[in-house]
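Take a look at the letters that make up each chain.
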Amino acid sequence: MYIDLICIGQKMPTYVEMGFKEYAKRLPAVCRLNLIEIPLRKRSKNADIVRLQRQEGEQMLAAIPQGAYVIALDELGKMWSSPQLSKQLAHWMQDYSRVALLVGGPEGLSAACLQRAQQHWSLSALTLPHQLVRIVVAEQLYRAWTLLNNHPYHRI
């Protein structure tokens, strides 16, 4: 199964790139994590944020691979514990060859992206910087995979 993490924003700080790459490389080929970056449109003092968010959303939707099961990372989504995420991952691996996870920019996902999603996932009740979400998602997917495979990474 391929997991495409489709994110708004490019040219991340080194720590973000390194953190994401570290957990992505730990995942086996049967659960490959791929990063797709959509450029963040320039925000200025008088920018039309709704229009920019809609345009970014259109680019995200265009980046979703054909036939992918779509999950929006959204503050109003369902929160899962690590064991619950591992069950979700097992379900995705069994039922889908491709999953797309959508991560919005500073203002979140566009309405069109939220509507397109078949599932909504909230990482936390906290507001996280959208750059940090990449690392958290990669680590949590790796943790979920280790739980499914009785690997000692996850300790209770």
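Everything numeric here is computed off the predicted structure, so don't read it as measured data.

Structural notes on the packing of helix α1 (residues 14-26) against helix α5 (residues 130-148)
Item 1. One can describe the packing of α1 onto α5 by two numbers: an axis separation of 8 Å at closest approach and a directional angle of 15°. Taken together, the axis directions place α1 and α5 in an arrangement best described as roughly parallel. Taken as a pair, α1 and α5 cross one another with a handedness that is left-handed. On α5, the residues touching Tyr15, Val16, Gly19, Phe20, Tyr23 and Arg26 of α1 are Gln131, Arg134, Ile135, Ala138, Glu139 and Tyr142.
Item 2. When its residues are assigned to classes, the contact of α1 with α5 shows seven nonpolar, two polar and three charged.

Notes on helix α2 (residues 49-63)
Item 1. Helix length check: α2, at 15 residues, gives a terminal C-alpha distance of 21 Å against a target of 21 Å (1.5 Å per residue), a fit within 8%.
Item 2. What α2 keeps buried is the set Leu52, Gln53, Gln55, Glu56, Gly57 and Met60.
Item 3. Next to the buried residues of α2 lie β1 (2-8), β2 (32-38), β4 (98-103) and α4 (111-116).

Side note on the sheet that holds strand β5 (residues 119-122)
Item 1. Pairing is parallel across the open sheet formed by five strands, whose spatial order is β2-β1-β4-β3-β5. Looking at the sheet topology across the chains shown, the edges are occupied by β2 and β5. The average undirected angle you get between the axes of adjacent strands in this sheet is 30°.
Item 2. In this structure, β1 lies alongside β4, joined through six bridges in parallel fashion. Bridge pairing links Ile3 to Val99 in β4.
Item 3. The sheet contacts of α5 involve β1, β2, β3 (69-79), β4 and β5, and relative to β1 the element is tilted by about 165°.

Observations concerning the pattern of salt bridges
Item 1. This model, assessed by the stated rule, comprises five salt bridges.
Item 2. A salt bridge links Lys25 to Glu22; the shortest N-O distance between them is 3.3 Å. With Lys25 and Glu22 both in helix α1 and three residues apart, the pair spans about one turn of that helix.
Item 3. Note on Glu22: relative accessible area 28%, which makes it partly exposed.

Observations concerning the packing of aromatic side chains
Item 1. As enumerated under the stated definition, the model contains six aromatic pairs in all.
Item 2. The interplanar angle of 40° and the centroid separation of 6.3 Å between the aromatic rings of Tyr23 and Tyr142 together place this pair among those described as tilted. Of this pair, Tyr23 sits in helix α1 while Tyr142 sits in helix α5; the two residues are 119 residues apart in sequence, bridging distant segments of the chain. Per residue, the accessibility class of Tyr23 equals that of Tyr142, and both read buried.
Item 3. Taken together, a centroid distance of 4.3 Å and an interplanar angle of 20° make the contact between Tyr69 and Tyr96 stacked. Residue Tyr69 is located in strand β3, and its partner Tyr96 is located in the loop between α3 (82-95) and β4; the two are separated by 27 residues in the primary sequence.
Item 4. Judged by its relative accessible area of 10%, Tyr69 falls in the buried class.
Item 5. Grouping aromatic residues by their ring pairs yields a cluster made of Tyr23, Tyr142, Trp145 and Tyr153.
Item 6. Positioned above the aromatic ring of Tyr2 is the side chain of Arg98, whose terminal nitrogen or guanidinium carbon lies 4.7 Å from the ring centre.

Brief notes about the nonpolar core
Item 1. By size, the foremost hydrophobic cluster in this structure holds 31 residues, and its most contacted members are Leu33, Trp92 and Leu101.
Item 2. In terms of residue count, the dominant contributor to this core is α5 (eight residues).
Item 3. Residues in contact with Leu33, not counting those within four places in the same chain, are Ile3, Leu5, Phe20, Ala24, Leu27, Ala138 and Leu141.
Item 4. One finds Ile64, Val70, Ala72 and Leu109 within the second-largest nonpolar core, a separate group that totals 13 residues.

So, how was this worked out
- Residues numbered from 1 in each chain as written.
- Predicted model: local features only at pLDDT ≥ 70, side-chain atom pairs only at ≥ 80, totals over all residues.
- Heavy atoms only, no water.
- Axes fitted to C-alpha atoms, helices over the stretch in contact; angles between N-to-C directions.
- Helix = DSSP H or I, 4+ residues; strand = E, 2+ residues; numbered from the N terminus.
- Parallel < 35°, antiparallel > 145°, perpendicular 65-115°, else oblique.
- Left-handed = near helix turned anticlockwise from the far one by under 90°.
- Contact = heavy atoms within 4.5 Å.
- Nonpolar A, V, L, I, M, F, W, Y, C, P; charged D, E, K, R; others polar.
- Expected span 1.5 Å × (residues − 1).
- Buried < 20%, exposed > 50% of the residue type's maximum accessible area, 1.4 Å probe, protein only.
- Pairing = 2+ DSSP bridges.
- Salt bridge = Lys/Arg side-chain N within 4 Å of Asp/Glu carboxyl O.
- Phe/Tyr/Trp six-rings, centres within 6.5 Å; stacked < 30°, edge-to-face > 60°.
- Lys NZ or Arg CZ within 6 Å of the ring centre and 35° of its normal.
- Core = buried A, V, L, I, M, F, W, Y, C linked by side-chain atoms within 4.5 Å.

Functional significance is not addressed by these values, which are geometric in nature.
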